[in-house]
Amino acid sequence: MTRFLLRRIAHAVFLLFGVSVLAFFFTTFAPGNYFDDMRLNPQISAERLTALRADYQLDRPMVVRYLRWARSVLHGDLGLSFAYNTAVGPLLWTRARNTLLLTGTATVLTWMLALPLGVWSAEKLGRPADVALSWATAVLLIIPDLTLALGLLVLAVRSGWLPTGGLVSVGFGGFSAAHRVRDVAWHMVLPVTVLVASALPVLLRHVRAAVAEALEAPFLRAAEGHGISRGRLLYRYVLPAAAHPLIALFGFSLGTLLSASLLVEVVMSWPGLGPFLLEAILARDLYVVIGGVLLSTLFLVAGNFVADLLLFWVDPRIRAEASRR
Amino acid sequence: MSTRSRLLLCVAGLGALHLGVACAGFFAPYDPTAQDREHPYAPPMPLHFVDARGGFHLLPFFYAQELQAGTFDQYEENRSRAIPVEFFVSGAPYHVLGVFPLRIHLLGGGDVQMYLLGSDGYGRDLLSRILFGGQVSLLAGLIGAGLTLSIGLCIGTVAGFWGGWKDEVLMRVAELFLALPWIYLLFAMRAFLPLTVPPLKAFLLVVIVIAAVGWARPARMVRGIVLSAKERDFVRSARGFGASDAYLLRRHIVPETASVVLTQAAILVPQFVLAEMTLSFLGLGVPEPVASWGNMLSSLQHYNVLVSYWWMYLPALAMVPFFLGYLLLESLLQGSYATSKIE
Amino acid sequence: MEPIIRVEDLVKRHTRRGLWSRVADFTAVNSISFSILPGTTLALVGESGSGKSSLALCLAGLERVASGRIWFEGRDLAALGEKELREVRPRIQLVFQDPANSLNPRWTVEEIVAEPLLVQNRVSRREGDARAAQALERVGLAAEYLDRRARDLSGGQRQRVAIARALILEPKLLILDEVLSALDCSIQAQIANLLVEMQRAYGLAYLFITHDLRMAAHLADEIAVMSEGKIVEQGAAKILQGLRRSEMRSLVGASPLKPETLGEVSQR
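All of the points below concern the structure found in this document. Everything quoted here is computed from the prediction, not taken from an experiment.

1. Looking at the sheet that holds strand β3 (residues 75–84) of chain B
Residue and element names in this part refer to chain B.
Consideration 1: With respect to topology, three strands assemble into an open sheet ordered β1-β2-β3, the strand pairing being antiparallel. The outermost strands of the open sheet, each flanked by one partner alone, are β1 (48–50) and β3. Strand after strand, the sheet turns through a mean of 50° between neighbouring axes, direction not considered.
Consideration 2: The sheet contact formed by β1 and strand β2 (residues 56–67) spans two bridges and is antiparallel. Bridged to H48 within β2 is F61.

Okay, structure coming up:
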């Protein structure tokens, strides 16, 4: 068991390392750097620029910079942002929190909807209710998230029912605690709807397929024959059998918590990690970009890791295989 | 209806859609870059069949839209003159396949600008821009998917057939690419290349970046197929007659990958079109004045456009029938491969 | 008479190698020696896991041996490089057990049977097709089968195609690896008779690998029993041919073979 865990952790570390090298590689060989815009400013002399660059050590070779960066990361320091002149870590974290609020809510909602709907749909396979649901899902599936996000935004603007972007309304500082919560929640409605609408059809299909397949299993008939109640059957027998693909999907949901909402955040002006990283990429704010990419990758890798752990716990076949090795 | 005929129908439908966009010059009433500063943000013109006096016309007609005095975006119809929609008119020149010059257009409004879907801030006809923009976006998706699948096929075959250290290295790299959130990788790769480039170069950059991001998954799938095909006895038999590796790959193994490659194509093309749209929307893709569905939507980031000019949203809907077609194609392909495996 | 093939102390090992895990060694063929006279059949009998198929692959040049010699036409096949091997290959052919796997299901019968000729670059496309038609005729399939796809044929028909393909290069030695096991009982007899006919007509030598002792006794001149990589018994088939079923059962009981090896036929 521990060997399995260790292998997985080593694997994850390797991935993170590889990604950081890749990111460094890209950013080093990209044309242009943060100080290019400054060069256009006649008030800043060339010597000043060179001094600034030396300050930030942009003139050292890539390997040296990478090693210094890696060392400081291991101490918890992700570097300095050129644009904001503060540490990268806290900057990223404030933004990441906003993103997680959005995606976390959306993920919980999506799963809460997909699981019961998927199970119900699999039970009524082929019947009118199921067919209707399949059609509705298909419609949602065809609409790309860009279209959906912009469309809902247009609707919101023209109808005036919902706020059209941002996290909070003007005057937020003066609101009572309850009012604040309501305000944020109100602002969350549009982006969360878009996120759920894009994730739900895919998840629903998978749940339905996995449960439908599990329902076909012969051992289920036998259990039915024993007179076990429907509810118990579903939750004690069917769901565990269908769990394998669903756990992989869950890991994926977890993994994309930071990256799935980038477009939605930009469209709806939600102050999350996405727009912030975009801005940093455009401005060539080196350490912010690398820190951000690493953070998202960390989530992806962690998501897969959690999925592996869950699978190990749920599926006895994997346990047997792992202990054999 | 059998799966085969459904498949053919779907391909025909998609083909027709693509053909429509490919013949954008014909179906579009105007040149997509032709500006008309006197009619910025003109709303879509309704087509009428019944005129102001109650007379019924067989062919549709419209009224010219003019700016109300004193406003800069309020229009009213000039009902004094009913302008019939003309068919097969001679209009702005365009080139079919970039080579043959033609001037014939399906629709036209004579000497008056006919904004069937409205106009944008520069007075350019939205319908024409949507059609021409489709050329750019779809082409990006198709070429990108083609590139990615070619790369994936090569890498997957090398990794699966020869195995050993080549396999290990290639699959580890693939894993790295898969571990990165693809949307960040997309932006990072694009943004780290020169930002202001001429449209053609920008288009190529976009395509290359999209293709470079997406090769890992097809490569892994191809590798799986090649690994199992390699062990089949008909491959062993062929080796037993003295077949070379090249022969085995060409005649037996690569044809086995066809099913995977085709289904991946049906999945990837719409994804890549969307990627181009996203990049262009954020200003990292194809720049003005060339139209692409993505950059046409970027004006929606301005609040006043969002509130007052709803027709600027229409390019976002243009993608939907294509998405539908490709989704249907993918599910039909998967269905037909599943049944043929049973045989 | 000189044997057409003589195997000396053949050893074949399977190694399982991972990037970080240990190397696992498994000896499939553990120093085997035998020879086959031209125009005769040697049956190799043993249960699954006894190493028969590994031996077949080695003889056909599809796997490398760890040590030992395979004398064929005066040369040691085990020592030949790929180029020289290619020249010898036409004269030793291998027919696999499951024709669903050994024929490319997408190809037509014509393409399948003509493939060896095209691979060896001997003939033009048209002549290859003509020879394929002849080969089909020899195995008792009408010319109308030429355009059918392999996946549309029955098991027995497929195996006939496989045999036609193996014969098209005019080999001297045919290695038949469990070629009857995947077929229905009634078809087994038909194909067995076809094999006997081919041997008589073309003077072929057969290495007939099977787990069915009765079939071996029926078809072979010599029988060798293989168990866990070694040959444990060898002798003329005549001895078994006159035996009644009960006597064969006790013979099987005394050997390392399992009773099922007596053959499915006996269960009828």
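Back to the write-up after that little detour.
2. Brief notes about the interface of chain C and chain B
Consideration 1: The interface is formed by 19 residues belonging to chain C together with 15 residues belonging to chain B.
Consideration 2: Considering each element in turn, the side of chain C that touches chain B owes the most residues, three residues, to helix α4 (residues 109–119) of chain C.
Consideration 3: For the side of chain C that touches chain B, the per-class residue count stands at nine nonpolar, five polar and five charged.

3. With respect to the nonpolar core
Consideration 1: Within the largest apolar cluster, 233 residues are counted, with the highest numbers of intra-cluster contacts made by C:L207 and C:F208.
Consideration 2: Element by element, the count of residues in this core is highest for helix α8 (residues 177–215) of chain A, at 14 residues.
Consideration 3: Here C:L207 is in contact with C:I36, C:L42, C:L44, C:L59, C:L173, C:I175 and C:L176, once residues within four sequence places are set aside.

4. What about the packing of α4(C) against helix α6 (residues 155–167) of chain C?
All names here are of chain C.
Consideration 1: α6 packs onto α4 with a crossing angle of 30° between their chain directions and a minimal axis gap of 7 Å. When the axes of α4 and α6 are compared, the pair comes out roughly parallel. By crossing handedness, the relation of α4 to α6 is classed as right-handed. Note on element contacts: α6 touches α4 through V161, A164 and R165, opposite V109, I112, V113, E115 and P116.

5. Overview of the pairing of strand β7 (residues 173–177) of chain C
Side chains on a regular strand alternate between the two faces of the sheet.
Residues and elements named next belong to chain C.
Consideration 1: With respect to burial, β7 is a largely interior element, five of its five residues being buried.
Consideration 2: Burial along β7 is two-sided: the face carrying L173, I175 and D177 and the face carrying L174 and L176 are both buried.
Consideration 3: With four bridges joining them, strand β6 (residues 92–95) and β7 adopt parallel strand pairing. Directly across from I92, in β7, lies its bridge partner L173.
Consideration 4: Two strands pair when backbone bridges link them, and β7 and strand β8 (residues 205–210) are joined in this way by five bridges, in the parallel orientation.

Thresholds, definitions, all that
- Residues numbered from 1 in each chain as written.
- Chains lettered and ligands numbered in written order.
- Predicted model: local features only at pLDDT ≥ 70, side-chain atom pairs only at ≥ 80, totals over all residues.
- Pairing = 2+ DSSP bridges.
- Helix = DSSP H or I, 4+ residues; strand = E, 2+ residues; numbered from the N terminus.
- Axes fitted to C-alpha atoms, helices over the stretch in contact; angles between N-to-C directions.
- Contact = placed C-beta atoms within 7 Å.
- Nonpolar A, V, L, I, M, F, W, Y, C, P; charged D, E, K, R; others polar.
- Core = buried A, V, L, I, M, F, W, Y, C linked by C-beta atoms within 7 Å.
- Buried ≥ 20, exposed ≤ 12 C-beta atoms within 10 Å, placed from the backbone.
- Parallel < 35°, antiparallel > 145°, perpendicular 65-115°, else oblique.
- Left-handed = near helix turned anticlockwise from the far one by under 90°.

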